[in-house]
Amino acid sequence: MGFSEIPLPPEEIPGCDLPAIQVRPPGPQSRTWLLRNSVNVAPMGPRGAPGPRGKERPSGIVYSTGKGSNVLDVDGNRYVDLAAGFGALLLGHAHPRILKVLELQGERLMQALGDVYTSEPRIALCERLARLHPEPAQVILGQSGADAISAALKTAVLASGKPGVLAFQGSYHGLSYGPLAATSLRESYRQPFAAQLNPAVRFVPYPSSDGLLDLALERARFELVRGDVGAVLVEPILGRGGVVVPPEGFLVELHALARQHGALLIADEIWTGLGRAGEMLTSVAQGATPDLICLGKGLGGGLPISACIGKSELMAAWRQEHEVVHTATFAGAPLACATAIALFDILQRDSLVQRAKDLGAELGRRLRSVVEAVAPNASVRGQGLMWGVELASSGRGGAAVRLMRALLESGYIVSTGGGARDVMVLTPPLVIGENQLEAFVAELPLALQACGP
Ligand SMILES: Cc1ncc(COP(=O)(O)O)c(C=O)c1O
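Residues numbered from 1 in each chain as written. Predicted model: local features only at pLDDT ≥ 70, side-chain atom pairs only at ≥ 80, totals over all residues.

Time to look at the environment of Pro199. You can see Pro199 is positioned in the loop between helix H7 (187–190) and strand S6 (201–204). In this structure, the C-alpha to C-alpha distance between Pro199 and Leu385, residues 186 residues apart in sequence, is 36 Å. (Helix = DSSP H or I, 4+ residues; strand = E, 2+ residues; numbered from the N terminus.)

Quick reminder: α-helices carry 3.6 residues per turn. Residues three or four places apart thus point the same way. An ideal rise of 1.5 Å per residue puts 22 Å on 16 residues; helix H12 (residues 334–349) measures up with 22 Å between its terminal C-alpha atoms. Taken across its 16 residues, H12 has 12 buried, putting it largely inside the fold. Here H12 has its buried residues at Pro334, Leu335, Ala336, Cys337, Ala338, Thr339, Ala340, Ile341, Ala342, Leu343, Ile346 and Leu347. Summarising the contacts, the buried residues of H12 are in contact with helix H3 (96–108), helix H4 (120–132) and helix H13 (352–374). Two residues or fewer after H12 comes Ser351, characterised by a positive phi angle close to 50°. (Expected span 1.5 Å × (residues − 1). Buried ≥ 20, exposed ≤ 12 C-beta atoms within 10 Å, placed from the backbone. Contact = placed C-beta atoms within 7 Å.)

As far as domains go, the protein holds domain 1 (18–67) and domain 2 (97–349). The distance between the C-alpha centroids of domain 1 and domain 2 comes to 33 Å. (Domains from an automatic or database assignment.)

Attention shifts here to the site of the ligand. In the neighbourhood of the ligand, 15 residues make up the surrounding shell, with Ser144, Gly145, Ala146, Gly174 and Ile270 lying closest. For the shell around the ligand, the class distribution of residues is 6 nonpolar, 6 polar and 3 charged. (Near = placed C-beta within 6 Å. Nonpolar A, V, L, I, M, F, W, Y, C, P; charged D, E, K, R; others polar.)

Bringing the nonpolar core into the picture now. Formed by 131 residues in total, the largest nonpolar core has its most connected members in Ala152, Ala231, Val232, Ile266, Cys294, Leu403 and Val414. Top element by residues in this core is H12. It accounts for 10 residues. Composition of this core by domain shows at least three residues from each of domain 1 (18–67) and domain 2 (97–349). Aside from chain neighbours lying at most four places away, what touches Ala231 is Leu153, Ala156, Val165, Ala263, Leu264 and Ile266. (Core = buried A, V, L, I, M, F, W, Y, C linked by C-beta atoms within 7 Å.)

Strands sit in the order S11-S12-S15-S14 across an open sheet of 4 strands; the sheet is antiparallel. The sheet is open, and its two borders are formed by strand S11 (379–383) and strand S14 (415–417), each paired with just one other strand. Along the sheet, successive strands turn relative to each other by an average axial angle of 25°, direction set aside. Pairing between strand S12 (residues 386–390) and strand S15 (residues 423–426): 4 bridges, direction antiparallel. Bridge pairing links Glu390 to Val423 in S15. The sheet contacts of helix H14 (residues 399–410) involve S14 and S15, and relative to S15 the element is tilted by about 50°. (Pairing = 2+ DSSP bridges. Axes fitted to C-alpha atoms, helices over the stretch in contact; angles between N-to-C directions.)

On to the environment of Ala112, then. Counting through the fold element by element, Ala112 comes out in the loop between H3 and H4. Using a count of 17 C-beta atoms within 10 Å as the deciding quantity, one classes Ala112 as partly exposed. Spatially, the C-alpha atom of Ala112 lies 8.8 Å from that of Phe330, the residues being 218 residues apart in sequence. When sequence neighbours within four positions are dropped, the list of residues in contact with Ala112 reads Tyr117, Thr118, Ser119, Arg122 and Pro334.

Spatial strand order, S1-S2-S3-S13: 4 strands in an open sheet with mixed pairing. Pairing within the sheet leaves two strands with one partner each, and these edge strands are strand S1 (63–67) and strand S13 (412–413). As paired strands, strand S3 (residues 78–81) and S13 are joined by 2 bridges and run parallel to one another. Within S13, the position partnered with Asp81 by the bridge is Ile413.

This next bit is on the packing of H3 against H12. Between H3 and H12, whose axes approach to 9 Å, the crossing angle comes to 145°. Of the two possible hands of crossing, H3 and H12 adopt the one that is right-handed. On H12, the residues touching Arg97, Ile98, Val101, Leu102, Gln105 and Gly106 of H3 are Pro334, Leu335, Ala338, Thr339, Ala342 and Ile346. Here the contact of H3 with H12 is composed, by residue class, of 8 nonpolar, 3 polar and 1 charged. (Left-handed = near helix turned anticlockwise from the far one by under 90°.)

Helix length check: H3 (13 residues) gives 19 Å between terminal C-alpha atoms against 18 Å at 1.5 Å per residue, within 8%. Listing the buried residues of H3 in full gives Ile98, Val101, Leu102 and Gln105. Taken around the axis of H3, the buried residues stretch over an arc of 105°, which confines them to a single face. Along H3, the residues that are exposed and aim more than 90 degrees away from the buried face are Lys100, Glu103, Leu104 and Glu107. (Arc of directions from axis to C-beta.)

As a further point, take the pairing of strand S2 (residues 70–73). Bridge count between S1 and S2: 4 bridges; the pairing is antiparallel. Counted as the bridge partner of Gly66 is Val71 from S2. What sits between the antiparallel neighbours S1 and S2 is a turn of 2 residues, in which Gly68 has the positive phi angle 55°. Relative to S3, S2 runs antiparallel, the two being bridged by 3 bridges. The residue bridging Leu72 from the neighbouring strand is Arg78, located in S3.

This is how it looks when you write it as structure tokens:
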């Protein structure tokens, strides 16, 4: 099947144009902005950004506008956005329906009073979210993915009474303290703060192939039998860890093990969920019924909002006699709740989850054939519209960063993953044009060749 046989969403989505590079990125305007950026923004921004004396050559660009799957930078270059805000823009930039909802809800109500006096959109969104869970469920809203993971970890300790967390090597769950303790992707994230992290977290290997399934489960069992683990935290597909799809049955067997040892299964669907990996919930599609499911990234249609959805019987552990013990000023703000409801409507109306599945299968086939031809040592992995190309390591790491830069010069925005940043990661909007994917796949061999092995 070719890309063109997959039905397009009925609504005309602007932003299906091909790249148009006027000036080699980063152009003069981007450089000027990046210089300003380097003065007052703490130095954790784009690598290669100029220092205060402007000596290093910047490697990044500065976004100006976004429409659908296109981004314009401040120099007027047009790109195809295959990163979509680290996978968060499921509907692309400035989806017309999201803009309309922002306008209407903005006029009505932007902020309520948290749990004290709530709002209609917040109640309606929680109903929609709870219905995603296969069992009766309740919801805690947050603003970031890390918020949702924190809420899930707190729920697990309240419900199980056990502080231990079992997590996976290569995983990424966010960088605020609770999630950071369970994030193993890069030691550099953890090392400066190690003394302040939950010491009861243990990591076991994530099974990257059928042959490694038994080993991963055995190591998990070894940790669980100690009896102090209350939460098993897992991504149904490793995202930032380099798009690693586990063998069939992994999550189901992991959940059975967790249950056997009195621990709850938390599925981190912040990246995979809501159609990104071609399913509404990848964990449920894999046959599991997680105790807790975390969503974030795409949930708000571009606005920051996240959710921890848990079985009602577990959420009951939050009931306290006198005090609210978990809240945040903007969690469940009506504006983001309204756009999240719109996201659900659009996913359903335009069959975007199925589109991601079909288009993704075709993209995977095309990527494999291109990569096999020009970079036979590279491997292609993924599902839905979440793909990774792991480049053969040159020993110095960062292979995907070089490819990312080469592609930027051709007008394609991609991101990188994996511990050594050697995986090129594609997470385009679910509304991406087939013409844009065609053009990207045609461009990729040149970029791969330009970067060398
Ligand atoms: C699987 C997963 N969990 C959690 C997070 C953290 O989300 P946030 O950056 O919104 O805190 C991310 C972010 O990339 C993620 O990929």
